[in-house]
Amino acid sequence: MARIQLDAHDDIQTSQFARGRIHSVETMGTVDGPGIRFVVFTQGCPMRCLYCHNPDTWETGAHAGTEVTVEQLVGEFESNRQFYRNGGITVSGGEPLLQPEFLADLFTAMHARPAGRVHTCLDSCGYAFDPEHPERWARSLDETDLVLLDIKHADPEGHRALTGRDPARILAFGDELARRGIPVVIRHVIVPGHTDTTDECEALGRLIAPWRNVAGLEMLPYHTLGVAKYEQLGIAYPLAGVPEMDKARIPELRQAVLRGMKAARGR
Ligand code: SF4
C-alpha cells in the first residue's frame, strides 16, 4: 500500500472547486471498495471509536490536515489511471460527510472525466449527516455510486459506549441511502466484549433489514495494528488488554446478522 501526503500547491489559489482538508491519499487501495482504488482520507471525525486506527484524522479546523484542491486529486488519479480500470476512487476518513461541498465537487469531477467516468465510493460512519438538512449532502449523494457504511453497534447504549456518540444520525443516513437506492455495503467491526455476540449480530441484521439497497456485508475482526499510532500521539489506547478477534468466529457471527435480516423481512 502506498500512502502519500500531498503538499499544498499553487493551484489552490485558482481552483474552481471547493477545497478540502485531507489527511493523506493511498494510491493502491485494495480494501475500500471494488478493484484497485485511489483512496482519499479526509481530515476530521466527530466520532471517537475505541478501536479507531486513525486518531490522527480526528482533529478538525483550519490547521488540521493538508488543504488540497479537486484538481490536485484528479491529477494524482489521472497519473495512475491505468491501475484503476476495475476500481475507482474512494473517499474515506476521518469522516468525509464533514466536507460535503468538497466531496460533491470531487465526485462530480471524477464522473465527468474526459478519459472516462470513474466509479465513486464513499466510506463513511454517517454521523455527520443531519436528517433535518439532507439537502446539504444531496449533490454528494447524487454522484455516489457505492457507500461503505460503518454500523458500529446495533444497540444505542452499546453504540455510545463504543463510539462516544448516539447512532440516530447514522441510522437516518442509512435511511436516506435506502430512499435514494444507492448500493450500500454494511461494515461491522467485531470487537471482543462489545460486538462479538450472536445476539448483537442478529440485532444488527434486524436493524438493516428495511434497507433494500444493502448489497453486501463485511464483518471485520478487531485487530491491534493501530496501537502504535496511539503511542506516537501520546494518547492512552482505550482497548488496551482487549485481545484481537478470533477470525474463526466471523462466519458464525455473519450468519447471525443474516438470520436477523431474514427474520425481520419475514422469510
Ligand atoms: S468513525 Fe472511523 S475515523 Fe472516526 S473515530 Fe471511528 S474508526 Fe476512527
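Please refer to the structure placed before this passage.
This structure is a prediction, so every number in the text was calculated from the model and none was measured. (Residues numbered from 1 in each chain as written. Predicted model: local features only at pLDDT ≥ 70, side-chain atom pairs only at ≥ 80, totals over all residues. Heavy atoms only, no water.)

Take the site of the ligand next. With respect to spatial proximity, the complete set of residues near the ligand consists of C45, M47, R48, C49, C52, W58, G94, C125 and K152. Tallied by class, residues from the shell around the ligand come to 6 nonpolar, 1 polar and 2 charged. (Near = heavy atom within 4 Å. Nonpolar A, V, L, I, M, F, W, Y, C, P; charged D, E, K, R; others polar.)

The subject of this paragraph is the nonpolar core. In terms of nonpolar packing, the biggest core is built from 64 residues, with V40, L73, L106, L149 and F173 touching the most fellow members. The dominant element in this core, judged by the number of residues it contributes, is helix α2 (residues 100–111), at 6 residues. (Core = buried A, V, L, I, M, F, W, Y, C linked by side-chain atoms within 4.5 Å. Buried < 20%, exposed > 50% of the residue type's maximum accessible area, 1.4 Å probe, protein only. Helix = DSSP H or I, 4+ residues; strand = E, 2+ residues; numbered from the N terminus.)

If you walk through the whole model with that rule in mind, you get 7 aromatic pairs. Look at Y230 and Y237: their rings are 4.9 Å apart centre to centre, the planes differ by 75°, and that puts the pair in the edge-to-face class. In this structure, Y230 and Y237 share a single accessibility class: buried. Taken together, the aromatic side chains of F38, F77 and Y84 make up a single cluster linked through ring pairs. (Phe/Tyr/Trp six-rings, centres within 6.5 Å; stacked < 30°, edge-to-face > 60°.)

Within a regular strand, the side chains alternate between the two sheet faces. Counting buried residues along strand β7 (residues 146–150), 5 of its 5 residues qualify, which places the element largely inside the surrounding structure. Neither face of β7 is open: one carries L146, L148 and D150, the other V147 and L149, and all of them are buried. Bridge count between β7 and strand β8 (residues 184–190): 4 bridges; the pairing is parallel. Pairing of V147 across the sheet is with V184, part of β8. (Pairing = 2+ DSSP bridges.)

Where charged atoms of side chains with opposite charge meet at close range, the side chains can pair. Scanning the model with the defined rule gives 18 salt bridges in all. In this structure, R81 engages E78 in a salt bridge whose closest nitrogen and oxygen atoms are separated by 2.7 Å. When its relative accessible area of 22% is taken as the criterion, E78 is described as partly exposed. In this structure, R139 engages E101 in a salt bridge whose closest nitrogen and oxygen atoms are separated by 2.8 Å. One end of the pair, R139, is in helix α3 (residues 138–142); the other, E101, is in helix α2, with 38 residues separating them in the sequence. (Salt bridge = Lys/Arg side-chain N within 4 Å of Asp/Glu carboxyl O.)

Further remarks concern the packing of helix α1 (residues 70–79) against α2. Running from amino to carboxyl end, α1 crosses α2 at an angle of 40°, the nearest separation of the two axes being 10 Å. One element, α1, and the other, α2, form an angle in the oblique class. Viewed along their axes, α1 and α2 form a crossing whose handedness is right-handed. Every residue of α2 that contacts α1 at V70, L73, V74 and F77 is listed here: F102, D105, L106, A109 and M110. Residue classes in the contact of α1 with α2 are distributed as 8 nonpolar, no polar and 1 charged. (Axes fitted to C-alpha atoms, helices over the stretch in contact; angles between N-to-C directions. Parallel < 35°, antiparallel > 145°, perpendicular 65-115°, else oblique. Left-handed = near helix turned anticlockwise from the far one by under 90°. Contact = heavy atoms within 4.5 Å.)

Moving on: helix α6 (residues 198–208). An α-helix turns once every 3.6 residues. As a result, residues three or four positions apart point the same way. Restricting attention to buried positions, one finds in α6 the residues E200, C201, L204, G205 and I208. Projection of α6 onto a plane perpendicular to its axis shows the buried side chains occupying an angular sector of 145°, all on one side. Close packing links the buried residues of α6 with β8, β9 (214–221) and α8 (250–265). (Arc of directions from axis to C-beta.)

Each packed pair of helices is defined by two parameters, the angle between the axes and the distance between the axes. Between α6 and α8, the shortest axis-to-axis distance is 7 Å and the interhelical angle comes to 40°. By the angle between their axes, α6 is oblique relative to α8. Seen from above, α6 lies across α8 with right-handed handedness. Facing T198, C201, E202, L204, G205, R206 and I208 of α6, the residues of α8 in contact are E252, L253, A256, V257, R259, G260, M261, A264 and R265. Here the residues of the contact of α6 with α8 sort into 8 nonpolar, 3 polar and 5 charged.

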